Amino acid sequence: MYNWYTVVNPDKLCPAGWRIPSKGDWDQLLVTTGEFDIASKLRSPNTQLWPDTAFARYVTNKTGFSAVPAGIATPVLLDLAEFYYYGELANWWASTEFT
């Protein structure tokens, strides 16, 4: 996991030719995959990773993204973070700041 400073200074974060997606990239993903039920199109079909097996029947992973529930990190002090929701949800950054 990484923080905002790393996202806006990605020199060592991404391999050559890769980059952190912008808000526009995420918006395009919504348009391309269809906003309705996008989670099922990005989510790994591995039911051992995700706790809600009732939703599993809708998972297609059509994009091949294979999202896993890594949770979120919340900064506590400078280089320290607390981690929440591991095994329950997934979260990604965008290189453009938005609210």
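A brief structural summary. (Residues numbered from 1 in each chain as written. Predicted model: local features only at pLDDT ≥ 70, side-chain atom pairs only at ≥ 80, totals over all residues. Heavy atoms only, no water.)

The next point concerns the pattern of salt bridges. Counted by the stated rule, this structure contains two salt bridges. Notably, a salt bridge pairs aspartate 25 with arginine 19, separated by 2.5 Å at the nearest N-O pair. The salt bridge involving lysine 23 is made with aspartate 27; its shortest N-O contact spans 2.9 Å. Here lysine 23 pairs with aspartate 27, and both are found in helix α2 (residues 23-33), just four residues apart, close to one helical turn. On the basis of relative accessible area, lysine 23 is assigned to the partly exposed category, the value being 30%. Among the residues examined, aspartate 27 registers a relative accessible area of 33% and is labelled partly exposed. (Salt bridge = Lys/Arg side-chain N within 4 Å of Asp/Glu carboxyl O. Helix = DSSP H or I, 4+ residues; strand = E, 2+ residues; numbered from the N terminus. Buried < 20%, exposed > 50% of the residue type's maximum accessible area, 1.4 Å probe, protein only.)

Attention shifts here to the packing of aromatic side chains. Summed over all chains, the structure comprises three aromatic pairs. Summarising the aromatic geometry, the rings of tryptophan 26 and tryptophan 92 are spaced 6.2 Å apart at their centres and angled 35 degrees between planes, so their arrangement reads as tilted. Here tryptophan 26 is found in helix α2, whereas its partner tryptophan 92 is found in the segment after β2 (80-84), with 66 residues between them in sequence. Classification of tryptophan 26 as partly exposed rests on a relative accessible area of 22%. Residue classification places tryptophan 92 among the partly exposed residues on the basis of a relative accessible area of 37%. The interplanar angle of 75 degrees and the centroid separation of 5.3 Å between the aromatic rings of phenylalanine 65 and tryptophan 92 together place this pair among those described as edge-to-face. Separated by 27 residues along the polypeptide, phenylalanine 65 in the loop between α4 (53-56) and β1 (72-77) and tryptophan 92 in the segment after β2 bring together distant segments of the chain. Through successive ring pairs, a cluster of aromatic residues spans Trp26, Phe65 and Trp92. (Phe/Tyr/Trp six-rings, centres within 6.5 Å; stacked < 30°, edge-to-face > 60°.)

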